[in-house]
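Architecture and fold: a report
The lines below spell out each chain.
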Amino acid sequence: MPAISPHKPYRVGRSRTGLGLFATKPIKKGAKIVRYFGPLLDSKKKKDDAIENKYLFELNGRWTIDGSVRKNIARYINHACKPNAESDVSARKRKVVIRAIKKIEPGEEINYDYGTDYFKAYLKPIGCKCDACEKKRRKQRAEARAEKRRLKAKAEKKALKKAEKQAAKRKPNGKLLNGKSKHANGKLVNGHGGKSAAGRIASGISAMAKSRPGQESRASA
Ligand SMILES: [Zn+2]
């Protein structure tokens, strides 16, 4: 871990994606946090243009900051889609400053939006791990679980209906059930008015003598 002056309002620490920069003191909205710095690369120079790493900060068509140097503490700041800081770019001065865009509390991770190009190239393929995206994924998973539960309940209801229908169909001949008609349970269930599948079967049993479809409720009343 890099040495950081205790006067600074941040420290490097473990984050969801590896290392990150965390506030150690309250940081006011609009306050400069840290400069993003490193050697300036000139895209007109072949040697400069060939350099490739994750810490290149493009200022404009020509100039890029190579932020991969260890002293560049700002390179520890992770991307977030809903960040609490921003990169304030002065292309004319070839200078980048990370600035708070809201009040940041001690312990909070500092982050800024790396921009669309970086997101498409590096984050989209692996899935962005920022708080906003994690929250979105959690919500989607919860919704998927709720949908699964809903479908399961629907299937169970359908199965129950089917069972009821079959029980009702079996009732008129009643021979299968007749054997159970002396069961003590039959009378108890009968008292429920034949609304459940079991009830219908039971009421069918008692109504067996004058059995006509659709008359079980009167028969059991
Ligand atoms: Zn994100």
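The paragraphs below set out a description of the structure included in this document. Note that the structure is predicted; figures quoted are calculated from it, not measured.

1. Some remarks on helix α3 (residues 131-170)
Over its 40 residues, α3 extends 58 Å from the first C-alpha to the last, a length consistent with the 58 Å expected when each residue adds 1.5 Å. Looking at α3, one finds that the buried residues are Cys-133, Glu-134, Glu-164 and Ala-167.

2. Some points on the coordination of the zinc ion
Every protein donor of the zinc ion is listed here as Cys-81 (SG), Cys-128 (SG), Cys-130 (SG) and Cys-133 (SG), and their distances to the metal cover 2.3 to 2.4 Å. Given four donor atoms and angles of 104 to 113 degrees at the metal, the environment of the zinc ion is assigned as tetrahedral.

3. Considerations on the pairing of strand β1 (residues 10-15)
Working note: regular strand, side chains alternate between the two faces of the sheet. The sheet contact formed by β1 and strand β2 (residues 18-23) spans six bridges and is antiparallel. Each bridged residue has a counterpart across the sheet, and for Ser-15 the counterpart in β2 is Gly-18. What sits between the antiparallel neighbours β1 and β2 is a turn of two residues.

4. Quick look at the packing of aromatic side chains
Evaluation of the coordinates by the stated rule reveals four aromatic pairs. Aromatic pair Tyr-36 and Phe-57: ring centres 5.2 Å apart, planes at 55 degrees, arrangement tilted. You can see Tyr-36 sitting in strand β3 (residues 32-36) and its partner Phe-57 sitting in strand β5 (residues 56-58), a full 21 residues away along the chain. Per residue, the accessibility class of Tyr-36 equals that of Phe-57, and both read buried. Both rings, one in Tyr-112 and one in Tyr-114, keep their centres 5.1 Å apart while their planes meet at 45 degrees; by these two values the pair is tilted. Overall, Tyr-112 belongs to the buried group, its relative accessible area being 4%. The class for Tyr-114 is partly exposed, based on a relative accessible area of 24%. Pairwise contacts between aromatic rings join Tyr-112, Tyr-114, Tyr-118 and Tyr-122 into one cluster. Sitting over the face of the ring of Tyr-55, Arg-75 holds its NZ or CZ atom 5.1 Å from the ring centroid.

5. Focus: the side chain of Asn-78
One can find Asn-78 in strand β7 (residues 78-79). Given the relative accessible area of 17%, Asn-78 is considered buried. Side-chain polar atoms of Asn-78 contact the side chain of Glu-109, separated by 2.7 Å.

Parameters and conventions
Residues numbered from 1 in each chain as written. Predicted model: local features only at pLDDT ≥ 70, side-chain atom pairs only at ≥ 80, totals over all residues. Heavy atoms only, no water. Helix = DSSP H or I, 4+ residues; strand = E, 2+ residues; numbered from the N terminus. Expected span 1.5 Å × (residues − 1). Buried < 20%, exposed > 50% of the residue type's maximum accessible area, 1.4 Å probe, protein only. Donors = N, O, S within 2.8 Å, 3.2 Å for Na, K, Ca; no water. Tetrahedral: all angles 85-135°; square planar, octahedral: opposite > 155°, others 65-115°. Pairing = 2+ DSSP bridges. Phe/Tyr/Trp six-rings, centres within 6.5 Å; stacked < 30°, edge-to-face > 60°. Lys NZ or Arg CZ within 6 Å of the ring centre and 35° of its normal. Polar contact = N/O pair within 3.5 Å; in protein donor to acceptor, adjacent residues only side chain to side chain.

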